[in-house]
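# Structural characterization, general
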Amino acid sequence: MYKLIVFSIQLILLITILTAIFTNPFIISLDIGNLKYSFSSNIFAGILITLLISIYVIFYLFFKSRLSLSNYFLKSRYKKLEKGYFYFVEAMIAISNKDNINAIKYHKRMNSYLKDEPSLSLLLRSEVYKIERKHNELREVYEQMLKSKKTESLGYRGLMENNLKDHDYHHAFLYGEKLFNLNPNIEKLYETLTYIAAKTKNWNQLLIITDKAYSKKIINKETFYENKSIAYYEIAKIKSDSNLKEANKNVLKAINLKNNFPPYIKLHLELIAKSNNLSLLKKLIKKYWLSSQSALLRKIITTIINDNNLDNLVFINQIIRSNIENEESKKMLIFFAIKNQDWNVARTNIVGLIGSNPSSEICLFMADIELGQSNDKQKSDSWVLRSETALSENIWICKITNKSQEEWNSLSDSGYFNSLVLNNIKMIDNSNI
C-alpha cells in the first residue's frame, strides 16, 4: 500500500512537470564556438523522454533475456545431475548384485554427468576398482578421499582395510587410529584396532584407545576392565626380562582389573620367584589359594611349588588348611602326597573323588597309588587305560574356531584377540587315526 502511494505521488509529480513544460514552451539557446543553436523546450523534453523510454526497454530486455538464459542453464545442469545420480544408483545396485560389467559401465556414464561431484565419483570408483582388483588405483582413490572432509573417513577406512589385507599391521593401525579419532562409533572399528594392537604387541596403544572408547561409551565397563587388564599383563611379560619392579607393578594392575584370573596370577608368582623372595612367594601362594580354588589355579600353583622346591607336605597343608574339604584342595594334597610317597594320605583323600565317572587326572592319581602303594601293575595299567577316555581338564578353547590349546594367550593360536575360554574336552585316542 505504501509503495503504491509513493508511486502515485511520483507519477502525478512527473505528469505535472511534463504538462508545465509542454504548455509553457521556451527557447533554449546553446553557444558552441562561433555558432549559436536555438530550439524549443518541447523538442528537448521529447528527446529526453524518448531516451529514458529507450533505456528502460533496453534494460528490461537485457535482464529478461539474462534470466531466461540462467533458467536454461539451471535446467540443463539439473537434468545432468539427475542423469548422473541415476547412473550412480544403477552402478551401486549392480555392485550389490555382483554385476561387475554393468557396475563398470554405469560408473563411466556417471562420470560424464557428475564431473563436479568428486565425492560420489571417488566412492563409486573405489567400489569399481575393488571389483577389478586394481589395488594401486584403489589406494590412489583412498588417498584422494583424504583431501576432502566429506570422504576423509572413507579414505582412512579403505587404507586401513587395504593394509590389513597386505598384513601391514603398522600402517593399518595408523590409519585406523586416525579414523577412530574422526568417528569412533564406526561399527567394529574398536575391535579391529584391538586386534591390530595385539598382533603388533602395541599394548600402550591398546590402553589409549580403550580409554577413549570407554569415555565415548563405545564399550561397557566389563570390556574396559578386560582389555586394559590384558594390556597391563602383556606389558608385564615384556618388562619381566629387563625390569622386575615395573613388570610386577603392571601385573598387579592387571590382577586388580580382573581378580583371580589364573594366567595373571601365574605371571605374578613367576615374577616373585624370579626375584628369589621365597617368603613372599609362599605368602602369595596361600593368599591366592584362599581367594579362589580352581583346577587351573591348582595346576599353576603346583608348577610354582615344584619349580621352587616347596613341595613338602607341611607347606601344602598350610596352603589348604582353610579349605581342606574343597575338591581342588584335596587334589593338590593328593598330588604332593604321591610325590612324597605318602600313600595313606593320598588314598584317604582320593576316596570321595572317584565316583562313577572320574576325570583323567583322578584315574592317573589312582594308577600312581596302586603302583606305588601295592605295586599292582595290572590295576595301575587299567587306571591308565581308563584315563585315556575320561574327561581332560584345563583346556582353553577358542570360542570362534573351537580349536583347543594348553596355555592361555591374549591372542589365540587361531589368531583371535581374547577369544579363549576354559572348557573340558574328551580326550581322543589317536591310535586309530
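In what follows, the structure referred to is the one given above.
Heads up: these notes are all about the structure in this document.

## Overview of the overall build of the protein
When helices and strands are counted, the protein shows 19 helices and five strands. Within the protein, buried positions represent 37% of all 433 residues. Residue pairs at least 24 apart in sequence account for 49% of intrachain contacts in the protein once pairs closer than 6 positions are excluded.

## A word on the side chain of Thr 210
Position of Thr 210 among the secondary structure elements: in helix 9 (residues 203–215). Reaching out from Thr 210, the side chain makes a polar contact with the side chain of Tyr 190 at a distance of 2.8 Å. If sequence neighbours within four positions are ignored, Thr 210 has contacts with Tyr 190, Ile 219, Phe 224, Asn 227 and Lys 228.

## Details of the packing of aromatic side chains
One pass over the structure, following the stated rule, counts eleven aromatic pairs. Aromatic ring contacts, followed pair by pair, group Tyr 233, Phe 261, Tyr 264, Trp 396 and Trp 408 into a single cluster. Over the ring of Phe 261 we find Lys 258, and its NZ or CZ is 3.8 Å from the ring centre. Here the basic side chain of Lys 282 rests over the ring of Phe 315, its NZ or CZ set 5.3 Å away from the ring centre.

## Considering the packing of helix 10 (residues 221–239) against helix 11 (residues 244–257)
Packing of helix 10 against helix 11 brings their axes to within 8 Å, and their N-to-C directions diverge by 160°. When the interaxial angle is binned, helix 10 and helix 11 end up roughly antiparallel. Taken as a pair, helix 10 and helix 11 cross one another with a handedness that is left-handed. Across from Tyr 225, Lys 228, Ser 229, Tyr 232, Tyr 233, Ile 235, Ala 236 and Lys 239 in helix 10, the residues of helix 11 making contact are Leu 244, Glu 246, Ala 247, Asn 250, Val 251, Lys 253, Ala 254 and Leu 257. Class assignment for the residues of the contact of helix 10 with helix 11 results in ten nonpolar, two polar and four charged.

## Observations regarding the nonpolar core
Within the largest apolar cluster, 73 residues are counted, with the highest numbers of intra-cluster contacts made by Leu 269, Ile 285, Ile 305 and Ile 319. Apart from residues lying up to four places away in sequence, Leu 269 is in contact with Leu 281, Leu 284, Ile 285, Tyr 288, Ile 301 and Ile 304. Counting 16 residues, the second largest nonpolar core, distinct from the first, contains Ile 354, Ile 362, Met 366 and Ala 367.

## Structural notes on a nonpolar patch on the surface
Side chains of Met 1, Leu 4, Ile 5 and Ile 9 sit close together on the surface and give an oily, nonpolar patch of about 470 Å² of accessible area. Tracing the backbone through its elements, the reader meets Leu 4 in helix 1 (residues 2–23).

## As for the environment of Asp 342
Locating Asp 342 in the fold gives a position in the loop between helix 16 (327–339) and helix 17 (343–350). Measuring from C-alpha to C-alpha, the distance between Asp 342 and Gln 373 comes to 8.8 Å, with 31 residues separating the pair along the chain. The residues contacting Asp 342, other than those within four sequence positions of it, are Leu 313 and Ala 337.

## Here's the deal with the packing of helix 14 (residues 295–307) against helix 16
One can describe the packing of helix 14 onto helix 16 by two numbers: an axis separation of 10 Å at closest approach and a directional angle of 30°. Taken together, the axes of helix 14 and helix 16 are roughly parallel relative to one another. Crossing angle aside, the handedness with which helix 14 passes helix 16 is right-handed. Facing Ala 295, Arg 298, Ile 301, Thr 302, Ile 305 and Asn 306 of helix 14, the residues of helix 16 in contact are Glu 328, Lys 331, Met 332, Phe 335, Phe 336 and Lys 339. For the contact of helix 14 with helix 16, the per-class residue count stands at six nonpolar, two polar and four charged.

## Quick word on the pattern of salt bridges
Oppositely charged side chains are able to pair whenever their charged atoms sit close together. Tallied over the full model, the rule gives 17 salt bridges. Linking Lys 228 and Asp 211 is a salt bridge whose minimum nitrogen-to-oxygen distance equals 3.1 Å. Taken together, the positions of Lys 228 in helix 10 and Asp 211 in helix 9 put the pair 17 residues apart, joining distant regions of the chain. Linking Lys 299 and Glu 406 is a salt bridge whose minimum nitrogen-to-oxygen distance equals 3.8 Å. You can see Lys 299 sitting in helix 14 and its partner Glu 406 sitting in the loop between strand 4 (404–405) and strand 5 (420–426), a full 107 residues away along the chain. Of the residues examined, Glu 406 reaches a relative accessible area of 47% and is grouped as partly exposed. Connected through salt bridges with shared partners, the residues Arg 298, Glu 327, Glu 328, Lys 331 and Glu 361 form a single ionic network.

## Notes on the environment of Asn 357
Residue placement: Asn 357 occurs in the loop between helix 17 and helix 18 (360–374). A relative accessible area of 61% places Asn 357 in the exposed class. Separated by 29 residues in the primary sequence, Asn 357 and Arg 386 have C-alpha atoms spaced 9.9 Å apart.

## Observations regarding unusual backbone geometry
The phi dihedral of His 167 falls on the positive side, at around 60°, and the residue is not glycine. With respect to the helices and strands, the residue His 167 is situated in the loop between helix 6 (152–165) and helix 7 (169–182). For Asn 309, which is not a glycine, the phi torsion comes out positive at approximately 55°. Relative to the helices and strands, Asn 309 resides in the loop between helix 14 and helix 15 (313–320).

## Comments concerning helix 6
A rise of 1.5 Å per residue sets the reference length of helix 6, with its 14 residues, at 20 Å; its end C-alpha atoms lie 20 Å apart and thus fit the reference within 8%. Among all positions of helix 6, only Glu 152, Gly 155, Tyr 156, Gly 158, Leu 159, Met 160, Asn 162, Asn 163 and Leu 164 are buried. Buried positions along helix 6 lie against helix 5 (135–145), helix 7 and helix 8 (189–200). Looking at the residues trailing helix 6, positive phi occurs at His 167, about 60°.

So, how was this worked out
- Residues numbered from 1 in each chain as written.
- Predicted model: local features only at pLDDT ≥ 70, side-chain atom pairs only at ≥ 80, totals over all residues.
- Heavy atoms only, no water.
- Helix = DSSP H or I, 4+ residues; strand = E, 2+ residues; numbered from the N terminus.
- Buried < 20%, exposed > 50% of the residue type's maximum accessible area, 1.4 Å probe, protein only.
- Contact = heavy atoms within 4.5 Å.
- Polar contact = N/O pair within 3.5 Å; in protein donor to acceptor, adjacent residues only side chain to side chain.
- Phe/Tyr/Trp six-rings, centres within 6.5 Å; stacked < 30°, edge-to-face > 60°.
- Lys NZ or Arg CZ within 6 Å of the ring centre and 35° of its normal.
- Axes fitted to C-alpha atoms, helices over the stretch in contact; angles between N-to-C directions.
- Parallel < 35°, antiparallel > 145°, perpendicular 65-115°, else oblique.
- Left-handed = near helix turned anticlockwise from the far one by under 90°.
- Nonpolar A, V, L, I, M, F, W, Y, C, P; charged D, E, K, R; others polar.
- Core = buried A, V, L, I, M, F, W, Y, C linked by side-chain atoms within 4.5 Å.
- Patch = residues over 30% accessible without salt bridge, like charges linked within 9 Å, V, L, I, M, F, W, Y side chains within 5 Å.
- Areas by Shrake-Rupley, 256 points an atom, 1.4 Å probe, with all protein chains shown as cover.
- Salt bridge = Lys/Arg side-chain N within 4 Å of Asp/Glu carboxyl O.
- Expected span 1.5 Å × (residues − 1).

Shape is all these values report; function is a separate question.
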